[in-house]
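Structure assessment
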Amino acid sequence: MIDPYNNKEGVADIVINNGVISQVIIKNKIKSLTRKFNSSNNIVEIDAKGFHVFPGLIDMHTHLREPGYEYKETISTGTLAAIKGGFTSVCCMANTNPVNDNPEVTYYILAKAKEEGSCDVYPIGAITKGLKGEELSEMVMLREAGCVAFSDDGMPVMNPLIMRRALEYSKAVGAPIISHCEDLCLSENGVMNEGKLSFYLGLKGIPKASEEIMVSRDVILSRHFKATIHIAHVSTKGSVEIIKRAKEEGVSVTAETCPHYFTLTEDAVSGYNTDAKVNPPLRTNEDKEAIIEALKEGIIDVIATDHAPHHIDEKKVPFNEALNGISGLETAFALSLRLVHENILTLKQLIEKLTVNPSKILKIGKDGIREGSESDLIVVDIKKEWIVDKNKFVSLGKNTPFDGWKLKGKVIFAFKGKKFFDLREE
Ligand code: DOR
């Protein structure tokens, strides 16, 4: 068991009673436990010898698409995909239809999640009405309705005064702003990273400066107005450098990246592969290496999926017309485990970025594997090799550039409250 919330690591027995962790027992006491429980009925015993137990993973950046785009994903399919990927909590972005810019939408998402969801769902409210960047949404009401953060993800907040006000409100309501950093003037409807490859492919590029200018601006706003900013999906070395310096100077900034940015480069779009079209775009090897180093040094706090499911008809079109996004929930953890298998991160460091760090940023009060807490944990075979098959995704979004990849690490059981999922495949 590795539990970064409680700084516990070791071999243990865990007893879950009616959805609540009733005992966490050090291995040398196993005998008395086994005897005690063998005598009673209704006990399911799982021998997890050789496997790992972690607190349920948290994805702080998911697109569940409901309401409005149920043909891409629903709360039901998205949360089941999350469980399959090891995520027992997801935070869903506001770019639904209608946008989650008013409490009615938040209530709808929460009610649906309660009815049909497999994992915990934490809505993220829009910063601006309709994600238009013009007028702040009712942030206080959204917070009261249950939003844990605010973001216009998919769209940047171009106007710095609006971002300033949003930061001030976010401080007042105690929920962070998650910033999609993109200067639309610079990205200018680009479709991939700007560089030699975009030139060669004849595609319009998005310069790295488009992201970095906005990371700088947000760090400056955060410094001056003393509010926390969380930078979404970091994709460039320059962004890493800005965040590093800001942290050294004591600015309240946190950051996330996604598996595709530390696994792939822009080369993945060669051949006009729309499944590798994502925003921000996949960058160069230099950026990928810097992101890996930033994860190692703790400059990037969180790994999030940016799970962005789309319908096949939105991807099987000419590259310029394809929508941005990767369906990530079912591959994110195994892709992240590559950093452990390659001795770049320790298992504990990786699990921190997928559990306690997002929990702290969002203040959602997860407390790990401890007696008296609701069961919220996963059992993982970190050595299990498997081949990604998009047709086996539970997610309706089959848009992945990782189809056919051999990965190592599979979630085999998940416990979430009274729910138990046996995820072993034949
Ligand atoms: O690739 C992306 N897809 N990036 C975003 O910022 C939004 C997302 C989506 O909603 O499809």
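Before any of the text, the structure's been laid out above.
In this text, all values refer to a predicted model and were calculated from it rather than measured experimentally.

Definitions and cut-offs
What you see as residue numbers is a count from 1 along each chain, following the sequence as written. The predicted nature of this model means local features are confined to residues of pLDDT at least 70 and side-chain atom pairs, given and counted, to a pLDDT of 80 or more, with totals for whole chains, interfaces and linings taken over all residues. Side-chain metrics in this entry use all non-hydrogen atoms of the structure; hydrogen atoms and water are not considered. Helix and strand definitions here come from DSSP, where helices need a minimum of 4 consecutive H or I residues and strands a minimum of 2 consecutive E residues; each element is numbered from the N-terminal end. With C-alpha atoms as the basis for the radius of gyration, the globule rule is written as 2.2 Å multiplied by the number of residues raised to the power 0.38. Only heavy atoms matter for contacts: two residues are in contact if any of them lie within 4.5 Å across the pair. With residues, only the protein chains shown are counted as cover, and all accessible areas are computed by Shrake-Rupley using a 1.4 Å probe. For each residue, the test is whether any non-hydrogen atom lies within 4 Å of the molecule or strand; if one does, the residue is near. We call two N or O atoms a polar contact when they sit within 3.5 Å, provided that within protein one can donate a hydrogen and the other can accept it, with sequence-adjacent residues counted only if both atoms are side-chain atoms. The classification used treats Ala, Val, Leu, Ile, Met, Phe, Trp, Tyr, Cys and Pro as nonpolar, Asp, Glu, Lys and Arg as charged, and all other residues, Gly among them, as polar. When a carboxyl oxygen of Asp or Glu is within 4 Å of a side-chain nitrogen of Lys or Arg, the pair counts as a salt bridge. Per-residue accessibility, obtained with a 1.4 Å probe over protein chains only, is compared with the maximum for each type, and a residue is labelled buried under 20%, exposed over 50%, and partly exposed between these values. Here, the term nonpolar core denotes a set of buried Ala, Val, Leu, Ile, Met, Phe, Trp, Tyr and Cys residues that are joined through side-chain atoms within 4.5 Å. For two strands to be treated as a pair, DSSP must find no fewer than two bridges joining them. In this analysis, axes come from line fits to C-alpha atoms, helices being fitted only over the stretch in contact, and the angle between any two N-to-C directions falls in the range 0 to 180 degrees. Working rule for helices: expected span equals 1.5 Å times residues minus one. Counting rule applied: Lys, Arg positive; Asp, Glu negative; His and chain ends not counted. Crossings are classed by handedness, with left-handed meaning an anticlockwise turn of the near helix from the far one by less than a right angle and right-handed meaning a clockwise turn.

1. Some details on the overall build of the chain
- Of regular secondary structure, the chain possesses 15 helices and 18 strands.
- Taking 2.2 N^0.38 as the reference for a compact globule, 426 residues should give roughly 22 Å; the C-alpha atoms of the chain span a radius of gyration of 21 Å, in line with that estimate.
- Reported as C-alpha extents along the three principal axes, the dimensions of the chain are approximately 70 × 45 × 45 Å.
- Across the chain, contacts joining residues at least 24 apart in sequence account for 75% of those joining residues at least 6 apart.
- With an accessible surface of roughly 18,000 Å², the chain has 50% of that area assigned to carbon and sulfur atoms.

2. Some remarks on the site of the ligand
- As a matter of local geometry, the ligand sits amid 14 residues, with Arg65, Asn95, Asn279, His310 and Asn324 nearest to it.
- Separating an oxygen atom of the ligand from a side-chain N or O atom of His63 is a distance of 3.4 Å.
- Between Asn279 and the ligand, the recorded distance is 2.7 Å, taken from a backbone N or O atom to a nitrogen atom.
- Taken by itself the ligand offers 290 Å² of open surface, and the protein chains cover 93% of this.
- Among the residues making up the shell around the ligand, the classes are represented as two nonpolar, nine polar and three charged.

3. Some remarks on the pattern of salt bridges
- Going through the model one piece at a time under the given rule, you end up with 25 salt bridges.
- Here Lys129 and Glu135 are joined by a salt bridge, their closest N and O atoms 3.1 Å apart.
- Here Glu135 falls in the partly exposed class, since its relative accessible area comes to 46%.
- The partner of Lys406 in a salt bridge is Glu385, with the nearest N and O atoms 3.6 Å apart.

4. Considering the nonpolar core
- Counting residues in hydrophobic clusters, the biggest one holds 91 residues, and the most contacted among them are Phe54, Ile177, Ile231 and Phe333.
- Per element, the largest residue contribution to this core is seven residues, and it comes from helix 13 (residues 332–341).
- When residues no more than four places from it in sequence are discounted, the contact partners of Phe333 are Phe54, Leu57, Gly85, Leu350, Ile351, Leu354, Ile378, Val380 and Val411.
- With 17 residues, the next largest nonpolar core counts Met60, Tyr122, Ala232 and Leu362 among its residues.

5. Let's talk about the sheet that holds strand 5 (residues 52–55)
- With antiparallel pairing, the four strands of this open sheet are ordered in space as 5-16-17-18. Of all the strands in the sheet, the pair left with one neighbour each is strand 5 and strand 18 (419–422). Put simply, the sheet's adjacent strands are angled 35° from each other on average, direction ignored.
- Two elements, strand 16 (residues 376–387) and strand 17 (residues 406–416), share nine bridges in a ladder whose sense is antiparallel. Each residue of the ladder has a partner; that of Trp386, found in strand 17, is Leu407.
- Strands in contact with helix 13 are strand 5, strand 16 and strand 17; relative to strand 17, the strand with the most contacts, it is inclined by about 120°.

6. Thoughts on the pairing of strand 18
- Bridging between strand 17 and strand 18 involves four bridges; their strand directions are antiparallel. Within strand 18, the residue paired with Phe413 across the bridge is Asp422.
- Here strand 17 folds back onto strand 18 in antiparallel fashion, the turn holding two residues, of which Gly417 has a positive phi close to 55°.

7. Some thoughts on the side chain of Glu314
- Counting through the fold element by element, Glu314 comes out in helix 12 (residues 312–315).
- By relative accessible area, Glu314 is classed as buried at 15%.
- A distance of 2.6 Å separates polar atoms of two side chains, one belonging to Glu314 and the other to Tyr71.
- Those residues in contact with Glu314 that sit more than four places away from it in its chain are Tyr71, Lys72, Ala322 and Leu323.

8. Some details on the environment of Leu377
- The topology assignment puts Leu377 in strand 16.
- Considered as a pair, Leu377 and Phe415 are 38 residues apart in the sequence and their alpha carbons are 5.3 Å apart.
- Ignoring sequence-local partners within four residues, the contact set of Leu377 consists of Ile14, Ile16, Ile21, Val53, Phe54, Pro55, Gly56, Ile369, Phe413, Ala414 and Phe415.

9. Let's talk about helix 11 (residues 285–297)
- Between its first and last C-alpha, helix 11 extends 18 Å over 13 residues, near the 18 Å set by a 1.5 Å rise per residue.
- One or two steps after helix 11, the chain reaches Gly298, where phi turns positive at roughly 85°.

10. Remarks on the side chain of Lys315
- Examined against the element boundaries, Lys315 turns out to sit in helix 12.
- Buried charge Lys315 goes without a salt bridge, the closest partner of opposite sign being Asp275 at 5.1 Å.
- Look past the residues within four positions of Lys315 in its chain and what remains in contact with it is Thr274, Asp275, Lys277, His310, Ala322, Leu323, Asn324, Gly325 and Asn399.

11. Remarks on the packing of helix 13 against helix 14 (residues 347–354)
- Packing of helix 13 against helix 14 leaves a shortest axis separation of 9 Å and a crossing angle of 145°. The element helix 13 and its partner helix 14 pack so that their crossing is right-handed. The residues of helix 14 that touch helix 13, namely those facing Phe333, Ser336, Leu337 and Val340, are Leu347, Leu350, Ile351 and Leu354.
- Here the residues of the contact of helix 13 with helix 14 are counted per class, giving seven nonpolar, one polar and no charged.

Coordinates in, geometry out; function isn't part of it.
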